[in-house]
Amino acid sequence: MRQAESPTKSYYITTPIYYVNDLPHIGHSYTTIAADCQARYHRLLGESVLFSTGTDEHGQKVARSAEARGIEPQQFADEVASAFQQMWERLHINYDRFIRTTHRDHVATVQHVFGQLVETGDIHLGEYQGWYCVPCETYLTEGELVNGCCPNPECQREVEQTTQEAYFFRTSAYADRLIEHIENHPQFIQPESRRNEVLSFVKEGLRDACISRSRMEWDIPVPDDESQSVYVWFEALISYLSQVGYPDELDEFSKWWPPQIQLLGKDILTRFHATLWPAMLMALDLPLPETIFAHGWWITAQGEKISKSRGNVLDPYEVAQELAEISGATTAVAVDSLRYFLLREVTFGLDGSFSWRGVLTRFNSDLANDLGNLLNRTLPLVDRYLNKIVPEPGPGAGELASEIERVRSIVEQEMAESDFSAALAAIWELVASGNKFLDSREPWTLHKEAKQVELEAVLYDVLDCVRVLAIMVAPFMPAVADEIWRQLGLQSGQVEKSWDDCRALALPSGITIESGRPIFPRVDIKRTMDRLQGQSERTERAKQEEAAVPGGNSIAIEQFAQVELRVGTVLEAHRIPGSDRLLRLIVDLGEEENRQIVAGIAAQFNPRELLNANVVVVANLEPATIHGVESQGMILAAGAEKPEALIVTDRDCKPGTVIR
Ligand code: MSP
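Summarised in this report is the structure supplied together with it. (Residues numbered from 1 in each chain as written. Predicted model: local features only at pLDDT ≥ 70, side-chain atom pairs only at ≥ 80, totals over all residues. Heavy atoms only, no water.)

**Overview of the packing of helix H13 (residues 401-416) against helix H14 (residues 420-441)**
For clarity, the threshold we go by: What counts as an axis is a line fitted to C-alpha atoms, over the stretch in contact for a helix, and the angles between N-to-C directions run from 0 to 180 degrees. Helix and strand definitions follow DSSP, with helices as H or I runs of at least four residues and strands as E runs of at least two, each counted in order from the N terminus. Any angle that is under 35 degrees is reported as roughly parallel, and any over 145 degrees as roughly antiparallel; angles of 65 to 115 degrees are reported as roughly perpendicular and all others as oblique. Working rule for contacts: check all heavy atoms of both residues, and any pair within 4.5 Å makes them a contact. Residue polarity follows a fixed list, in which Ala, Val, Leu, Ile, Met, Phe, Trp, Tyr, Cys and Pro are nonpolar, Asp, Glu, Lys and Arg are charged, and the others, Gly among them, are polar.
In the contact formed by H13 and H14, the axes pass within 8 Å of each other and the chain directions differ by 170°. Taken together, the axis directions place H13 and H14 in an arrangement best described as roughly antiparallel. Of the residues in H14, those in contact with Glu403, Ile404, Arg406, Val407, Ile410, Val411, Glu414 and Met415 of H13 are Phe420, Ala422, Ala423, Ala426, Ile427, Glu429, Leu430 and Ser433. Taken together, the residues of the contact of H13 with H14 break down into 11 nonpolar, 1 polar and 4 charged.

**Quick word on empty space enclosed by the protein**
For clarity, the cut-off: In this analysis the probe radius is 1.4 Å and the grid spacing 1 Å, with only protein atoms considered; a cavity is a set of points the probe fits into but cannot get out of, a pocket is an open set with protein on both sides within 12 Å along at least five of seven lines, and lining residues have an atom within 4 Å of a point. Grid points are joined across faces, edges and corners, and a volume is the space filled by probe spheres set on the points.
If you walk through the whole model with that rule in mind, you get 1 cavity of 30 Å³ or more. Roughly 40 Å³ of volume is contained in the largest cavity. Taken together, Leu371, Gly372, Leu374, Leu375, Val466, Ile484, Ile519 and Phe520 form the lining of the largest cavity. With 4 residues, helix H12 (residues 356-386) is the largest single contributor of residues to the lining of the largest cavity. Taken together, the residues of the lining of the largest cavity break down into 7 nonpolar, 1 polar and no charged.

**So, the side chain of Asn364**
The cut-off we apply is this: Exposed residues in this analysis have more than 50% of their type's maximum accessible area, buried residues have under 20%, and partly exposed residues fall in between, with area computed by a 1.4 Å probe over protein chains only. Polar contacts, as counted here, are pairs of nitrogen or oxygen atoms within 3.5 Å of one another; within protein the pair requires one atom able to donate a hydrogen and one able to accept it, and residues that are adjacent in sequence qualify only if both atoms are side-chain atoms.
Position of Asn364 among the secondary structure elements: in helix H12. We classify Asn364 as buried; its relative accessible area is 6%. Among the polar contacts listed, one links the side chain of Asn364 to the backbone oxygen of Val523, at a separation of 2.7 Å. Those residues within four positions of Asn364 in sequence are excluded, and the remaining contacts are Asn369, Arg522, Val523 and Ile525.

**Thoughts on the sheet that holds strand S22 (residues 634-635)**
Which entries qualify depends on this criterion: By definition, two strands form a pair when at least two bridges between them are found by DSSP.
Spatially, 5 strands are ordered S18-S17-S16-S19-S22 in an open sheet, and the strand pairing comes out antiparallel. Each end of this open sheet is capped by a strand with a single partner; those strands are strand S18 (595-599) and S22. Looking at chain direction, strand S16 (residues 565-575) and strand S19 (residues 614-618) are connected through 5 bridges and run antiparallel. Counterpart to Thr569 in the pairing with S19 is Asn614.

**Describing the packing of aromatic side chains**
Think of a pair of aromatic rings as described by two things: how far the centres are apart, and how the planes are tilted against each other in angle. Rules: Two rings belonging to Phe, Tyr or Trp (six-membered ring only in the last case) form a pair when the distance between their centres is within 6.5 Å. Interplanar angles under 30 degrees mark stacking, angles over 60 mark edge-to-face geometry, and anything in between is tilted. Any Lys NZ or Arg CZ that is within 6 Å of a ring centre and within 35 degrees of that ring's normal is treated as a charge sitting over the ring.
Under the definition given, this model contains 24 aromatic pairs. Centroid distance Tyr340 to Trp428: 5.0 Å. Interplanar angle 45°. Geometry classified as tilted. In this pair, Tyr340 is assigned in helix H11 (residues 331-345) and Trp428 in helix H14, connecting sequence segments 88 residues apart. For Tyr340, a relative accessible area of 0% puts it in the buried group. Look at Trp428 and you get buried, because its relative accessible area is 8%. One aromatic cluster is present, formed by Tyr30, Phe293, Trp298, Phe341, Phe348, Phe354 and Phe420 through successive ring pairs. A cation sits over an aromatic face here: Lys266 above Trp297, 4.7 Å from the ring centre. Across from the ring centre of Tyr385, 5.9 Å away, lies the NZ or CZ of Arg384, which sits over that ring.

**What about the sheet that holds strand S2 (residues 48-56)?**
Across the sheet, 6 strands lie side by side as S3-S2-S1-S12-S13-S7; this open sheet has parallel pairing. Edge strands, defined here as strands with exactly one partner in the open sheet, are strand S3 (97-100) and strand S7 (189-190). Taken together, the 2 bridges between S7 and strand S13 (residues 291-295) define a ladder with parallel strand orientation. Bridged to Gln190 within S13 is Phe293. Helix H3 (residues 73-90) contacts strand S1 (10-19), S2 and S3 of the sheet and is inclined by roughly 160° relative to S3.

**Overview of helix H9 (residues 269-283)**
Worth spelling out the cut-off: Note on bend: at a given residue it equals the angle between the axes fitted to the 7 residues ending there and to the 7 starting there.
Remark: the principal bend of H9, roughly 30°, maps to Leu276, with a proline, Pro278, within the next four residues. The buried fraction of H9 amounts to 14 of the 15 residues, a majority that puts the element mostly inside the structure. Within two residues after H9, Asp285 carries a phi angle of roughly 60°, on the positive side.

**Some words on the site of the ligand**
Heads up, the condition is: It suffices for a single heavy atom of a residue to lie within 4 Å of a molecule or strand for the residue to be listed as near it. Accessible areas in this description were obtained via Shrake-Rupley with a 1.4 Å probe; residue shielding takes into account the shown protein chains only.
Taken together, 24 residues form the shell around the ligand, and within it Ile17, Thr31, Asp56, Trp298 and Ile306 come nearest. Thr31 has a polar side-chain atom sitting 2.7 Å from an oxygen atom of the ligand. Contact distances for the ligand include 2.9 Å between an oxygen atom and a backbone N or O atom of Gly265. Alone, the ligand offers 680 Å² of accessible surface; in the complex the protein occludes 96% of this. Mapped by element, the contributors of at least two residues to the shell around the ligand are S1, helix H1 (26-44), helix H7 (232-242) and strand S12 (261-265). In terms of residue class, the shell around the ligand is made up of 13 nonpolar, 8 polar and 3 charged.

**Topic: the side chain of Ser421**
Mapped onto the elements, Ser421 comes out in helix H14. Among the polar contacts made by the side chain of Ser421, one reaches the main-chain carbonyl oxygen of Arg344 at a distance of 2.7 Å. Other than its neighbours up to four places away in sequence, Ser421 contacts Leu343, Arg344, Val346 and Thr347.

Right, dumping it as structure tokens:
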């Protein structure tokens, strides 16, 4: 029997910790499903696995989102953190640790690391060039000034240039070591294309990172300096250390450190995980992770990144529920089918386009036609000819042994590279071999000819192949694997799945198979797509009717669709000095950065009454400079000559929500 490399080998895998100003969507789920798949695979190998994920809860944005909802930031973070946990449970994600950056252990680790790096000279107090408003005692950046004055509407006084004290981390000191490390460890940054990108970025020189901000009550204070908070990114990266007990629980820490692999999206590789993070570890004299793997983005069929700021996010559980409804599969199987789609559809590292047609096509062709079919053909034969009892292998059994061995070795190689899609493609070669074997050995003919020994050998081999497949697909589709296991009668025989058992002739004889309904009922793709497209077809019809209106100066629906209208929450409103007509608004559109919008409504509206209003924003308007202030959008108001009323939503609505 083949042994796992070492039964006690430890395997530490991480996902990014997700911001709580966003609900979990398909993008976050992708990273977490991939990590879950690796974690499950390594558990099957017999390794000791720590799979950690969590939430990134500090920062001004969270504080503001909470304020907008009129609740404490902690309550806000609690709600979103539990939404993430619930989503992971629904998507069959079996994490070991869920870190929240508001947890006191993490806060203590951050302050310890900060203090330690001050001692080693890697963090120093530096000067941050900026502006200062004396009456308000506020530091301001160039971009925050309004006509060179304090943006506070109550103040609007002249500001003076200042140098603010802030802490800097010496990233620059580690550039040469980092280049050397990347060059000598080809596995460190993956995939290859990203590694090259990172190398050229580092070779251009690294700048020291400013790692503190003026104190915000919601953030972690810099130790011994209450005037400053630790910059959220610096703090978030430290969560990978606090998750494993750094610095106090040394046994725990040395058991897991360094991570074998850290998974993340390409958006947060170069500036953070591939430079600042390794430099921090070098400064702390800690080994670097073995691999940092940056995967691609899921984009829509229109080529847009799926993200909250674009308002095109998909709730993966809703997708799975819909798939269950369409196909008649259980929700657990539909969730696994979605996991399968995400991991099979694109090579890990490349961008993937998410579409219903893609999901349904994979569901029908790979799951219903190939894997489901193998199971649905085999079990009734065992029921009919062998009274449901798994036979003895007997002479002549084990015909699929070398194919199983071949596929297992490919899967092992592909999983070592995190190429989930290639691993699944190899597993599906074994599915095809199982189906072909049934076709060529014709158990129905053997039965007719009363060749009982041969019949038993053939059916044993196919059942055994299905058992191996259940183990192989378990990391990708755990509920499906359990259901196959159950139908094979192995659950009741209390046989555990183990990667070592991906070999022929290990199926126990004499157990009774259980019947079950088909796991993957086929979908009528055409009908489903027609139904899903019904909406857009209705739109199309409306467009034609519109065009038929004689003499009307109507526009086509596509023309209207070019205007991107979104809900924006007004966070700040200030008068623009020197103008009676203009207000400068800071609006949350659910994007990374808030928008600055100049609105000609100062004569009709008091800045204070606009605060927290959910206005309608034309989000894709070209930026323009009005009265020396850049305006990144426009808000809508009723009134031809002058604004008479603002257009606002009639109930609470998330910033960034699309208006159609
Ligand atoms: N909080 C930081 C990470 C700190 S880690 C020390 C953060 N959070 S996030 O909520 O914005 O999550 C970013 C991660 O979500 C990406 O790195 C990626 O893993 C995942 N994705 C978000 N949208 C995505 C897609 N459309 N497609 C694929 N993954 C994406 O950044």
